[in-house]
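So you can see what is in the structure, the chains are spelled out below.
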Number of protein chains: 2
Amino acid sequence: MIISLIPTAQDIIPESLNNKSAVMFDILRASSTISTALANGCQQVIPVLEVADAFALAKKLPENTYILGGERGAIKVPGFHLGNSPLEYTSQVVRGKTVILTTTNGTKATRLAAAGAGEVFIGSLLNTSAVANRLLARNRDVALVCAGTRGKFSLEDTLAAGMVVRELVYLWQAKGTKPLADAKQPAVTQEIYLDEVPLLEGENLVLEDAAVAALRLAECYGANPLRALYDSLHGQKLLQLGLEDDLAYCSQVDLFDVVPVYRDGKITLNP
Amino acid sequence: MIISLIPTAQDIIPESLNNKSAVMFDILRASSTISTALANGCQQVIPVLEVADAFALAKKLPENTYILGGERGAIKVPGFHLGNSPLEYTSQVVRGKTVILTTTNGTKATRLAAAGAGEVFIGSLLNTSAVANRLLARNRDVALVCAGTRGKFSLEDTLAAGMVVRELVYLWQAKGTKPLADAKQPAVTQEIYLDEVPLLEGENLVLEDAAVAALRLAECYGANPLRALYDSLHGQKLLQLGLEDDLAYCSQVDLFDVVPVYRDGKITLNP
């Protein structure tokens, strides 16, 4: 199983994702909001690029069956029910509803990745272990797709990808010696030596260089992921807007055991 | 002073490097070989893209004044004096000579960066501190340009860039409180908290996200950079070719106090 990492949406070559499992990370805040909404019982999330697309789609749905959510410049879109803070997507608000979510980086990255991989898992710190387990069960080569910030490498998305890599390595190591149920390691930073990752059924877990770098980020920040969000450009921008509660929320590891899946234009838990 | 990092030669936009200090890293092995040759007294290194260019240039130079060096597929080019192992570029062989060096990734990255920045420093683990000091003295925004491996992110180049970032942060912190001569920190991994980097003359040291990630790589691998070379795809390839001595050599930090500078097609210590 080969683990590659695509640093920004701009770097996605859809054909390179054929026959791979793809995971999209846009953890501040689209990925985190999507995971939260679905974990809290929303029926489906439909990501759209433009505000106009969101309103047009809403007109086609029966009243009271949908929630309009999303931001521009990290601020709620006028006329929408919700912004892009995962804290707004409570069970009371979203249960049974369709969430129409407009984000830019994450939606673009997800669509491009889906054009090659068919379906795309939505990853965040909130569901690191669930994503890693799904990837292992699916047993295909993996592409970890980071949305990036304004076309550039983003620290927080790469950290989340690295946390999935770290979990995959733990699971892979454990699979060789003990049942998966016991595989979870204590939540401490523990350096992984790549040459100690064992062979399994004649196959190795191969990390491309960018995946190794992400793994090292996970080792650096694993004990305190919030630190990475504070070290990141986008995190600093959200802090300036007074959104420190969002950062604290999005920094939680394994809050949910859900894997949102994007397929055919919508995100659900069981496509 | 803003520190950015460009992950591969493909990501270079020359215009974005105007008025910046640019450093090129291709540490396995071009950057390391160039630093070694110049530290060992070679007069200049002329990097060329193609083998034919190297032979054509050699014909124009007086006999015994030049050395033809370089590789294809990590193997010495037939008819050349030397390959691309820095261990071959001893004082006895290169002193006073012009080295005509053909490499692919590094030469391409250097030329592209120079098209924007005018001149380009050549960075490696071998001259981390010298490069950091030069950048600080020059006092421009910095672009750390990693050559990458076959168009992809390379762990070893990013580590070297991160070691320069770490040194810059130390120097910057020290500059505020004590003379530069005392600035060098003990060679231990010591986590840097970005909000502890002090303001200086009304200006801050700003690390873009990719530079922060590189800094974290430096913290992970700083006590044992050779580990990163073994974890990297290109390092593994060189190991398969029996070149473990080259890896060990290239992993040495601050072996030389030299900063090779590329300008107008050639690399020297004092352009």
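The coordinates are above.
Residues numbered from 1 in each chain as written. Chains lettered and ligands numbered in written order. Predicted model: local features only at pLDDT ≥ 70, side-chain atom pairs only at ≥ 80, totals over all residues. Heavy atoms only, no water.

## Section: the interface of chain A and chain B
Okay, step 1: Residue-level contacts link 22 residues of chain A with 22 residues of chain B.
Okay, step 2: The tally of links from chain A across to chain B stands at four salt bridges.
Okay, step 3: The shortest N-O distance in the salt bridge between B:K152 and A:E208 comes to 3.1 Å.
Okay, step 4: Those elements that provide at least two residues to the side of chain A that touches chain B are α6 (155-175), α7 (209-221) and α8 (225-231) of chain A.
Okay, step 5: Per-element accounting of the side of chain A that touches chain B gives the leading share, eight residues, to α7(A).
Okay, step 6: Looking at the side of chain A that touches chain B residue by residue, the class counts come to 11 nonpolar, two polar and nine charged. (Contact = heavy atoms within 4.5 Å. Salt bridge = Lys/Arg side-chain N within 4 Å of Asp/Glu carboxyl O. Helix = DSSP H or I, 4+ residues; strand = E, 2+ residues; numbered from the N terminus. Nonpolar A, V, L, I, M, F, W, Y, C, P; charged D, E, K, R; others polar.)

## Concerning the relation of the copies chain A and chain B
Okay, step 1: Once chain A is rotated about the relating axis by 180° and shifted along it by 0.0 Å, it coincides with chain B to within an RMSD of 0.0 Å. Both copies of the chain, as the preceding transformation shows, are related through a two-fold rotation axis.
Okay, step 2: Most of the interface of chain A is mirrored in chain B, where 100% of its interface residues again form contacts. (Least-squares fit on C-alpha atoms with pLDDT ≥ 70 in both.)

## Thoughts on the packing of helix α5 (residues 128-138) of chain B against helix α6 (residues 155-175) of chain B
Residues and elements named next belong to chain B.
Okay, step 1: Interaxial distance between α5 and α6 falls to 9 Å at its minimum, and their mutual angle equals 55°. In terms of orientation, α5 lies oblique with respect to α6. Handedness of the crossing formed by α5 with α6: right-handed. Two secondary-structure elements touch here, α5 through T128, S129, V131, A132, N133, L135 and L136 and α6 through M163, V164, E167, L168, L171, W172 and K175.
Okay, step 2: For the contact of α5 with α6, a count of residues per class yields nine nonpolar, three polar and two charged. (Axes fitted to C-alpha atoms, helices over the stretch in contact; angles between N-to-C directions. Parallel < 35°, antiparallel > 145°, perpendicular 65-115°, else oblique. Left-handed = near helix turned anticlockwise from the far one by under 90°.)

## Some points on the packing of aromatic side chains
Residues and elements named next belong to chain A.
Okay, step 1: If you walk through the whole model with that rule in mind, you get two aromatic pairs over all chains.
Okay, step 2: Where F55 meets F80, the ring centres are 5.2 Å apart and the plane angle is 75°; that geometry is what we call edge-to-face. Of this pair, F55 sits in helix α2 (residues 51-59) while F80 sits in the loop between β5 (75-76) and α3 (91-94), and the two are 25 residues apart along the sequence. (Phe/Tyr/Trp six-rings, centres within 6.5 Å; stacked < 30°, edge-to-face > 60°.)

## Re the pattern of salt bridges
Okay, step 1: Across all of its chains, the model carries 14 salt bridges over all chains by this definition.
Okay, step 2: A salt bridge links A:R138 to A:E119; its shortest N-O distance comes to 3.2 Å. With A:R138 in helix α5 (residues 128-138) and A:E119 in the loop between α4 (105-117) and β7 (120-123), the pair connects residues that are 19 residues apart, well separated along the chain.
Okay, step 3: For A:E119, a relative accessible area of 12% gives the class buried.
Okay, step 4: A salt bridge links A:R263 to A:E119, with the nearest nitrogen and oxygen atoms 3.1 Å apart. Of this pair, A:R263 sits in strand β10 (residues 261-263) while A:E119 is found in the loop between α4 and β7, placing the two residues 144 residues apart along the sequence.
Okay, step 5: One connected set of salt bridges, linked through shared partners, spans A:R216, A:E219, B:R227 and B:D231. (Buried < 20%, exposed > 50% of the residue type's maximum accessible area, 1.4 Å probe, protein only.)

## Some thoughts on the pairing of strand β1 (residues 2-6) of chain B
Residue and element names in this part refer to chain B.
Okay, step 1: Most of β1 is tucked away, with four of its five residues classed as buried.
Okay, step 2: As judged from the two bridges shared by β1 and strand β9 (residues 206-207), these two strands associate in the parallel manner. The partner of I2 across the bridge, within β9, is V206. (Pairing = 2+ DSSP bridges.)

## Overview of the nonpolar core
Okay, step 1: Ranked by size, the top nonpolar core spans 111 residues in total, and within it A:I3, A:L144, A:L207, B:I3, B:L144 and B:L207 carry the most contacts.
Okay, step 2: The contact partners of B:I3, leaving out residues within four places of it in the chain, are B:V142, B:L144, B:V165, B:L168, B:L205, B:V206, B:L207, B:E208 and B:A211. (Core = buried A, V, L, I, M, F, W, Y, C linked by side-chain atoms within 4.5 Å.)

## What to know about the pairing of strand β3 (residues 44-48) of chain B
Residues and elements named next belong to chain B.
Okay, step 1: Of all five residues in β3, five are buried, a share of seventy percent or more.
Okay, step 2: Side chains Q44, I46 and V48 project from β3 onto one buried face, and the interleaved V45 and P47 project onto a second face that is buried too.
Okay, step 3: In this structure, β3 lies alongside strand β6 (residues 98-102), joined through five bridges in parallel fashion. Directly across from V48, in β6, lies its bridge partner T102.

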